[in-house]
Amino acid sequence: MSVFSPGAFPSSVPVRSRRRAATIFVLATLTIITAVCVGFLLSSVTLPDWLTLIGRWIPAVVSLIVIAIVRPPGSVSRWWMLRPRRVGTLLSGLAVGTIGIAAIYAVAAGLAVLFGVAAPLSWGSYAQIAALAIPAAIVFSLSTLGEEVGWRAFLPQLMPELNLWVRAGAISGIWVLFHVPLHAAMILQGVLSPMIGLVSTLLLLPLGVFLAMLVERFGSVWPAVIAHAVPMSVLNLVSGSAELSAGALWSLTGITTAVLIVGAMLAAPRRRQTGGDGVSAAHR
């Protein structure tokens, strides 16, 4: 059962105001990241590593601006879903987010190896990844927080009328667009290979759906923050991902997408009863 329904809190905000806020948020966020990347390209300056970390806070900053313009009821903390209702639920969410995303990528990599799509890493490499995963996730969560409060907390609450899966898919699609300028600039500057850049971008779509289900299930943005911060992907768990053929990369992408969707289905609320206004009956 969903701990928190995005539609339960902002339902008092007029639909017109919510749509206006959502439009401003999406257009402003996409425009800013595009302008930043184009600026680096025109100046012939290679995108610095810190841009990814700092750039993740663009959605958070824009959401604050939108809140200041539209002035919806409720605190920023409420719109960002920073306060979990129960400590136990929060801890469960953090565990599911961390272990869940690691398991998803491990299963996808295992299937890829089983089907002969890719070769495994050494056991020593896997041990090193496992040892560093949690400490690195805690550090990187300072960056992913800025992204998740915008895409997985603020924007979904502006779309309570949409079906849960439709909303998650639509926002994940916009999230993919948010990464296109950054990945495209990295490809043009020779920092990222075209195929790896394309695969990495497309895999954000099912990942975004999984993260959305974590927030819906546990009623807090923190499980998505920590899951997003886990420093691994399926490309890190197979040997020589940069040298894989296009066919192997597409197969790996398909396998990972399927496993992510299954993970999202498992993470989604077990029971959701809605009334005629689309608000979860459990939260009336």
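### Focus: the overall build of the protein
Then, in step 1: Within the protein, the secondary structure is distributed over eleven helices and two strands.
Then, in step 2: Taken against the 2.2 N^0.38 rule, which gives 19 Å for 284 residues, the C-alpha radius of gyration of the protein at 19 Å falls within 12% of a compact globule.
Then, in step 3: Taking the principal axes of its C-alpha atoms as reference, the protein extends roughly 55 × 45 × 30 Å.
Then, in step 4: For the protein, with 284 residues in total, the buried portion stands at 49%.
Then, in step 5: Counting only contacts in the protein whose residues sit at least 6 apart along the sequence, the fraction spanning at least 24 positions is 82%.
Then, in step 6: Surface accessibility of the protein: about 13,000 Å² in total, with carbon and sulfur atoms responsible for 69%.

### Topic: the nonpolar core
Side chains of a nonpolar character, in soluble globular proteins, are inclined to be buried together.
Then, in step 1: Ranked by size, the top nonpolar core spans 83 residues in total, and within it Leu155 and Phe210 carry the most contacts.
Then, in step 2: Take this core: its biggest share by element is ten residues, from helix α9 (residues 204-218).
Then, in step 3: Excluding residues that lie within four positions of it along the chain, Phe210 makes contacts with Gly100, Ile101, Ile104, Leu260, Gly263, Ala264 and Ala267.

### Some remarks on a nonpolar patch on the surface
Then, in step 1: Residues Trp50, Leu53, Ile54, Val139 and Phe140 make up a contiguous nonpolar surface patch of about 490 Å² in total accessible area.
Then, in step 2: Mapped onto the nonpolar patch, the elements with two or more residues apiece are α2 (49-55) and α6 (123-157).
Then, in step 3: If you tally residues by element for the nonpolar patch, the top one is α2, at three residues.

### What about the pattern of salt bridges?
Then, in step 1: In total, this model carries three salt bridges according to the counting rule given.
Then, in step 2: We note a salt bridge from Arg18 to Glu161, for which the minimum N-O separation is 1.8 Å. A residue pair is termed long-range when its members are at least 10 positions apart, and Arg18 in helix α1 (residues 15-42) and Glu161 in the loop between α6 and α7 (164-188) qualify at 143 residues.
Then, in step 3: Measuring nitrogen to oxygen at the nearest pair gives 2.7 Å for the salt bridge that ties Arg152 to Glu148. Taken as a pair, Arg152 and Glu148 lie in helix α6 at a separation of four residues, close to a single helical turn.
Then, in step 4: Overall, Arg152 belongs to the buried group, its relative accessible area being 4%.
Then, in step 5: We classify Glu148 as buried; its relative accessible area is 0%.

### Things to note about the packing of α1 against helix α3 (residues 58-70)
Then, in step 1: Contact pair α1 / α3: the axes reach a minimum separation of 9 Å and the direction vectors enclose 145 degrees. For the element pair α1 and α3, the recorded crossing hand is right-handed. Along the contact surface, α1 presents Ser17, Arg20, Ala21, Ile24, Phe25, Ala28, Thr29, Ile32 and Ile33, while α3 presents Ile58, Pro59, Val62, Ser63, Val66, Ile69 and Val70.
Then, in step 2: Broken down by class, the residue content of the contact of α1 with α3 amounts to twelve nonpolar, three polar and one charged.

### Digging into the packing of aromatic side chains
Then, in step 1: Per the counting criterion, the structure on display carries five aromatic pairs.
Then, in step 2: Geometrically, the ring pair formed by Phe25 and Phe154 is edge-to-face, given 5.5 Å between the ring centres and 65 degrees between the ring planes. Placement of the pair is Phe25 in helix α1 and Phe154 in helix α6, with a sequence separation of 129 residues.
Then, in step 3: Judged by relative accessible area, Phe25 falls into the buried class, the value being 0%.

### Looking at the confidence of the model for the protein
Then, in step 1: Per-residue confidence for the protein gives a mean pLDDT of 90, with 91% of residues at or over 70.
Then, in step 2: Contacts of residues 1-8 to residues separated by more than four positions or lying in other chains number 40 contacts, the stretch itself having pLDDT below 50.
Then, in step 3: For residues 273-284, every residue scores under 50 in pLDDT, and the model assigns this stretch 23 contacts once sequence neighbours within four places are set aside.

### Some words on the environment of Phe154
Then, in step 1: Here Phe154 falls in the buried class, since its relative accessible area comes to 1%.
Then, in step 2: Taking the C-alpha atoms as reference points, Phe154 and Val26, separated by 128 residues in sequence, lie 11 Å from one another.
Then, in step 3: Setting aside residues no more than four positions away along its own chain, Phe154 makes contact with Phe25, Ser63, Val66, Ile67, Trp79 and Val149.

Cut-offs applied
- Residues numbered from 1 in each chain as written.
- Predicted model: local features only at pLDDT ≥ 70, side-chain atom pairs only at ≥ 80, totals over all residues.
- Heavy atoms only, no water.
- Helix = DSSP H or I, 4+ residues; strand = E, 2+ residues; numbered from the N terminus.
- Rg over C-alpha atoms; globule rule 2.2 N^0.38 Å.
- Buried < 20%, exposed > 50% of the residue type's maximum accessible area, 1.4 Å probe, protein only.
- Contact = heavy atoms within 4.5 Å.
- Areas by Shrake-Rupley, 256 points an atom, 1.4 Å probe, with all protein chains shown as cover.
- Core = buried A, V, L, I, M, F, W, Y, C linked by side-chain atoms within 4.5 Å.
- Patch = residues over 30% accessible without salt bridge, like charges linked within 9 Å, V, L, I, M, F, W, Y side chains within 5 Å.
- Salt bridge = Lys/Arg side-chain N within 4 Å of Asp/Glu carboxyl O.
- Axes fitted to C-alpha atoms, helices over the stretch in contact; angles between N-to-C directions.
- Left-handed = near helix turned anticlockwise from the far one by under 90°.
- Nonpolar A, V, L, I, M, F, W, Y, C, P; charged D, E, K, R; others polar.
- Phe/Tyr/Trp six-rings, centres within 6.5 Å; stacked < 30°, edge-to-face > 60°.
- pLDDT = per-residue confidence, 0-100.

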